[in-house]
Amino acid sequence: MRAPRVLLAAFVLATAVDLVSLIVGFRAGHLAAKPLLMPLLAAYAARAGGPRLLVAALLCGWGGDVLLLSDTGPAFMAGMASFAAGHVCYLVLFRRHGPPHARARLLAAAYAAALVTLVALLWPDLPAGLRVPVAGYSTLLTATAYTAATRLRPAAALGGALFMLSDTLIATGVADWPQLPRPDFWIMLTYAAAQFLLVRGTLDARPAPVTAYREVRSATP
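Quantities reported herein were computed from a predicted structural model and do not represent experimental measurements. (Residues numbered from 1 in each chain as written. Predicted model: local features only at pLDDT ≥ 70, side-chain atom pairs only at ≥ 80, totals over all residues. Heavy atoms only, no water.)

1. A word on the environment of Thr 144
With respect to the element layout, Thr 144 can be found in helix α6 (residues 128–151). Residue classification places Thr 144 among the buried positions, given a relative accessible area of 2%. A sequence separation of 55 residues divides Thr 144 from Val 199, and the C-alpha atoms of the two residues are 13 Å apart. (Helix = DSSP H or I, 4+ residues; strand = E, 2+ residues; numbered from the N terminus. Buried < 20%, exposed > 50% of the residue type's maximum accessible area, 1.4 Å probe, protein only.)

Put into structure tokens, the structure is as follows:
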């Protein structure tokens with residue numbers, strides 16, 4: 001178990017370097033650290049026994065991270081497409097964890113209301129060519145967050161909610177809404193936390209190994 005811990009520590013260190021770089025305005029540090037985050041987290045997930053779809057989702061996130069380092073319109077669209085592919089991976093993965101919880105209908109209404117409200121508010125201020133793509137991506141992101149909240153443990157639910165918050169901060173910037181000081185810091189803070197919590201929630205949802213179950217049974221009087 002030493003290797004996963006080392007990889008997780010490396011992810012935390014790279015995240016800290018990235019966040020500090022954003023706070024102090026050291027762009028070179030951000031450009032160096034950001035592309036390391038998802039490969040390290042994907043390696044941690046793989047060594048910890050995570051499913052392939054989880055690793056694929058994280059690597060799609062890495063593709064989006066790298067593409068969004070560019071400020072060009074085509075790079076933004078390609079980055080959004082890469083993140084969308086990651087959400088498809090998450091959706092397929094999360095749906096394998098059995099039926100939704102009993103509170104799913106109530107949460108469905110809440111997530112749908114949040115989606116419709118956000119898209120309706122952003123729509124007039126988004127560039128015309130981004131309105132439909134952003135609405136489509138937002139729908140996919142909301143579906144990921146909803147599925148995580150209704151099929152996995154609270155860590156994954158929080159991760160999905162933070163992912164929505166992170167991408168909402170990006171969307172409000174594209175729409176030229178007023179921003180918090182150092183907006184990139186808050187975007188990366190919520191994003192890194194979201195991806196880690198989705199990984200943690202997925203790993204925690206795995207069934208216990210049969211051998212471990214047998215050991216417990218054999219030790220029971």
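2. Considering the packing of aromatic side chains
Within the structure shown, the criterion is met by six aromatic pairs. Consider the rings of Phe 83 and Phe 163, whose centres lie 6.4 Å apart with planes at 85 degrees: the pair is edge-to-face. A residue pair is termed long-range when its members are at least 10 positions apart, and Phe 83 in helix α4 (residues 73–94) and Phe 163 in helix α7 (residues 154–174) qualify at 80 residues. The interplanar angle of 80 degrees and the centroid separation of 4.9 Å between the aromatic rings of Phe 185 and Trp 186 together place this pair among those described as edge-to-face. For Trp 186, a relative accessible area of 37% translates into the label partly exposed. In this structure an aromatic cluster arises from ring pairing among Phe 83, Phe 163 and Tyr 191. (Phe/Tyr/Trp six-rings, centres within 6.5 Å; stacked < 30°, edge-to-face > 60°.)

3. Regarding the environment of Asp 18
Note that Asp 18 resides in helix α1 (residues 2–24). Taking relative accessible area as the criterion, Asp 18 reaches 1% and is therefore assigned buried. Considered as a pair, Asp 18 and Gly 63 are 45 residues apart in the sequence and their alpha carbons are 17 Å apart. When neighbours within four sequence positions are excluded, Asp 18 is seen to be in contact with His 30, Ala 33, Lys 34, Leu 37 and Met 188. (Contact = heavy atoms within 4.5 Å.)

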